[in-house]
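Summary of the model geometry
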Amino acid sequence: RNGVSRNGVLYPVFPYAHFAQVDDADLDALYAYLKTVPASKQVPPPNRLDFPASWRPALIGWRMLYYHAVETSPEPPSSSAPFVRGRYLVDGLGHCAMCHSARGARGSLPAQGYLAGGRIPGVGWYAPPLDSHQLQRYSTDQLVAYLRTGTSPQGSAYGPMAEVVYNSLSALSAEDATAIATYLKSALPHASPTPPLFPPEQAPQLGVASIGADVYKRACADCHGDNGRGKDAAYPPLRDAASITAPDPINAVRIVLYGGMAPTTAGNPRPYSMPPFVQQLSDAEIAAVINYVRHEWAGLPSGLTAADIERMHGIVLD
């Protein structure tokens, strides 16, 4: 709850700001479960942070500047039981804001960035905003299915979200998944989304757009369809997909470069995979096809270049 161990203060990658909102019974249950986990022989890697971050006492200064324990605000009088339970799970045990919030100075999580979306530090993926506007494309039942299975008619989970579904959310009860969906679909939209990683300086020119359309027909249409709507539950749609409509194109670029697979879950036991195209398409072709898709089906003036794609190869953001 406080981010302090027997050996001193903990780095905020440990989500103590969120566990501070977890009640005693659930913390006791976590402790009881962890006591049953066999000891591991794995030796933790050495600290590779640069000074002064590598010096643990420096965290005291960081906490004084950027961390203040937050008490849960009262629920609105009209809140339903699923809304209350959903907020508890999102803000506490789920600690969704660790990825889906906009970061402030020195990696802090200011209140105004709550669930506003942002780039996940050190991972190189973009986590979209979670609010009623962004999630309106899902019905409550569809969002519940996405949380538990990693797939939906609107698309599938890839990257870090696929790991979250596989390791955690797939074990949610239907009631808890419904509670999370109810809360998230009630959250107010955010006025200030995170600025794009690569702001489009200009819309693609006609010749470039033509190249993108040609690459799409050659490499993408067989699975995702000529209209970008996908096919059944096997191949996710690109039209209105979160990775295509996001202000930051890095998720789309990474998936085209290196491929991906939705998590294997009870509700999706044989997921289809997206093959990598890093060895089949040039950087210029990848830029062109992503510009085409984002312009055609998201209405975005995407102007990625081959140089942008080259910088994104294996990118890890700080």
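The following paragraphs examine the structure supplied in this document. Quick caveat: nothing in here was measured; it's all calculated off a predicted structure. (Residues numbered from 1 in each chain as written. Predicted model: local features only at pLDDT ≥ 70, side-chain atom pairs only at ≥ 80, totals over all residues. Heavy atoms only, no water.)

As a further point, take the overall build of the protein chain. Summing up its helical and strand segments, the protein chain has 14 helices and eight strands in all. Every one of the 318 residues in the protein chain was classed for burial, and the buried ones make up 38%. Within the protein chain, contacts between residues at least 6 apart in sequence are counted, and of these 63% link residues at least 24 apart. Approximately 18,200 Å² of the protein chain is accessible, and the part contributed by carbon and sulfur atoms is 57%. (Helix = DSSP H or I, 4+ residues; strand = E, 2+ residues; numbered from the N terminus. Buried < 20%, exposed > 50% of the residue type's maximum accessible area, 1.4 Å probe, protein only. Contact = heavy atoms within 4.5 Å. Areas by Shrake-Rupley, 256 points an atom, 1.4 Å probe, with all protein chains shown as cover.)

Moving on, we get to the nonpolar core. Core analysis: the largest hydrophobic core is formed by 33 residues, its most contacted members being Tyr216, Val253, Ile286, Ile290, Val293, Leu304 and Ile309. Only β4 (126-127), α9 (206-219), α12 (250-258), α13 (283-298) and α14 (306-312) provide two or more residues apiece to this core. The biggest single contributor to this core is α13, with seven residues. Not counting residues within four places of it along the chain, the set of residues in contact with Ile290 comprises Ala252, Val253, Val256 and Leu304. The next biggest cluster of nonpolar side chains, apart from the first, holds 25 residues, and it includes Leu135, Tyr138, Tyr146 and Ala177. (Core = buried A, V, L, I, M, F, W, Y, C linked by side-chain atoms within 4.5 Å.)

This next bit is on the side chain of Arg254. Relative to the helices and strands, Arg254 is located in helix α12. One buried charge, Arg254, has no salt-bridge partner; the nearest side chain with opposite charge is Glu163, at 8.8 Å. A distance of 3.3 Å separates a polar side-chain atom of Arg254 from the backbone oxygen of Val123. Reaching out from Arg254, the side chain makes a polar contact with the backbone oxygen of Gly124 at a distance of 3.1 Å. (Lys, Arg positive; Asp, Glu negative; His and termini not counted. Salt bridge = Lys/Arg side-chain N within 4 Å of Asp/Glu carboxyl O. Polar contact = N/O pair within 3.5 Å; in protein donor to acceptor, adjacent residues only side chain to side chain.)

Among the surface-exposed residues, Tyr33, Leu34 and Val37 lie close enough to one another that they form a single nonpolar patch of about 320 Å² accessible area. Mapped onto the elements of the fold, Val37 is located in the loop between α2 (24-34) and α3 (58-66). Val37 gets classed as partly exposed once you look at its relative accessible area, which sits at 40%. (Patch = residues over 30% accessible without salt bridge, like charges linked within 9 Å, V, L, I, M, F, W, Y side chains within 5 Å.)

With that settled, consider unusual backbone geometry. With the exception of glycine, the majority of residues adopt a negative phi angle, and the majority of peptide bonds are in the trans configuration. Here the residue pair Phe51 and Pro52 is connected by a cis peptide bond, since its omega of 10 degrees sits within 30 degrees of zero. For Pro52, the location among the structural elements is in the loop between α2 and α3. Residues other than glycine seldom take positive phi values, yet His95 does so here, at roughly 35 degrees. Mapped onto the elements of the fold, His95 is located in the loop between α4 (81-93) and α5 (97-100). With a phi close to 65 degrees, Asp240 is a non-glycine residue in the positive phi region. Residue placement: Asp240 occurs in the loop between α10 (221-224) and α11 (242-245).

Bringing the environment of Arg218 into the picture now. Relative to the elements of secondary structure, Arg218 occurs in helix α9. Setting aside residues up to four positions removed in sequence, Arg218 forms contacts with Leu281 and Glu285.

Taken as a whole and judged by the stated rule, the model has nine aromatic pairs. Look at Phe14 and Phe19: their rings are 5.5 Å apart centre to centre, the planes differ by 65 degrees, and that puts the pair in the edge-to-face class. Judged by centre distance (5.9 Å) and plane angle (50 degrees), the ring pair of Tyr138 and Tyr146 falls under tilted. We note that Tyr138, like Tyr146, is buried. Cluster of aromatic residues (ring-pair linked, three or more members): Tyr216, Tyr292 and Trp297. (Phe/Tyr/Trp six-rings, centres within 6.5 Å; stacked < 30°, edge-to-face > 60°.)

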